[in-house]
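Observations on the model geometry
The chain contents come next:
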Amino acid sequence: MSRSQIMWIFLAHVRSHSTVVQQQGSSGHLFAFHGTDYPVPLLKAYDERTQLLHEAETLGFLISTLPLILYKTRLRGLQNIKAKDMRRYIGRNVTFGSAFLFQDEIAH
């Protein structure tokens, strides 16, 4: 099942239980199904760009890729400096790109 089909099922379920749908009944409303038996249309999978936009819009972050992957073509051809070698560049101008991957709180 594609992500677009899963989203269709989710929206159908939410909308079928909303007060608006219950008041309007099932006449002419796309998601006016009752119960859990929703006919799922054949939908193509989202293209990568749409999927990433949905993730960012819905969650505020990406879950299917690392954020720096979005800049892969821009970063290609640039000199890479490993973090362990940053001391060699003290006093020089460098461009730094990174991604915040996780956060851990330590209780005392």
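This text follows the structure it describes.
A brief look at the structure comes next. (Residues numbered from 1 in each chain as written. Predicted model: local features only at pLDDT ≥ 70, side-chain atom pairs only at ≥ 80, totals over all residues. Heavy atoms only, no water.)

Let's shift gears to the overall build of the protein chain. Summing up its helical and strand segments, the protein chain has four helices and zero strands in all. Taking all 108 residues of the protein chain together, the buried fraction comes to 15%. In the protein chain, once contacts between residues fewer than 6 apart in sequence are set aside, the share between residues at least 24 apart is 45%. Carbon and sulfur atoms make up 56% of the accessible area of the protein chain, which totals about 9700 Å². (Helix = DSSP H or I, 4+ residues; strand = E, 2+ residues; numbered from the N terminus. Buried < 20%, exposed > 50% of the residue type's maximum accessible area, 1.4 Å probe, protein only. Contact = heavy atoms within 4.5 Å. Areas by Shrake-Rupley, 256 points an atom, 1.4 Å probe, with all protein chains shown as cover.)

Nonpolar side chains collect at one region of the surface, where Leu 68, Leu 70, Tyr 71, Leu 75 and Leu 78 lie side by side and expose about 450 Å² of accessible area between them. Structurally, Leu 70 can be placed in the loop between α3 (48-59) and α4 (72-75). A residue is classified by how much of its surface remains accessible, and Leu 70, at 48% relative accessible area, is partly exposed. (Patch = residues over 30% accessible without salt bridge, like charges linked within 9 Å, V, L, I, M, F, W, Y side chains within 5 Å. Salt bridge = Lys/Arg side-chain N within 4 Å of Asp/Glu carboxyl O.)

Glancing now at α3. One full turn of an α-helix is made of 3.6 residues, so residues set three or four places apart face in the same direction. Between its terminal C-alpha atoms α3 stretches 16 Å, which fits the 16 Å expected from 12 residues at 1.5 Å a residue. Tucked inside the fold, the buried residues of α3 contact α1 (3-16). The N-terminus of α3 is capped by Asp 47, whose side-chain oxygen sits 3.2 Å from the backbone nitrogen of Arg 49. Looking one or two residues beyond α3, the residue adopting positive phi is Gly 60, at roughly 90°. (Expected span 1.5 Å × (residues − 1). Polar contact = N/O pair within 3.5 Å; in protein donor to acceptor, adjacent residues only side chain to side chain.)

Now for α1. With 14 residues, α1 ought to run about 20 Å at 1.5 Å a step, and its terminal C-alpha atoms sit 20 Å apart, in line with that. The set of residues buried in α1 consists of Ser 4, Gln 5, Trp 8, Ala 12 and Ser 16. The arc enclosing the buried residues of α1, seen along the axis, measures out at 100°, which places them on a common side. (Arc of directions from axis to C-beta.)

A complete count under the given rule lists one salt bridge for this structure. For the salt bridge of Asp 85 with Arg 88, the shortest nitrogen-to-oxygen distance reads 3.3 Å.

Looking at the secondary structure, you find Met 1 in the segment before α1. C-alpha separation for the pair Met 1 and Val 40, spaced 39 residues apart in sequence, amounts to 9.8 Å. In contact with Met 1, other than residues within four places in its own chain, are Ile 6 and Ile 9.

Geometry only, nothing functional implied.
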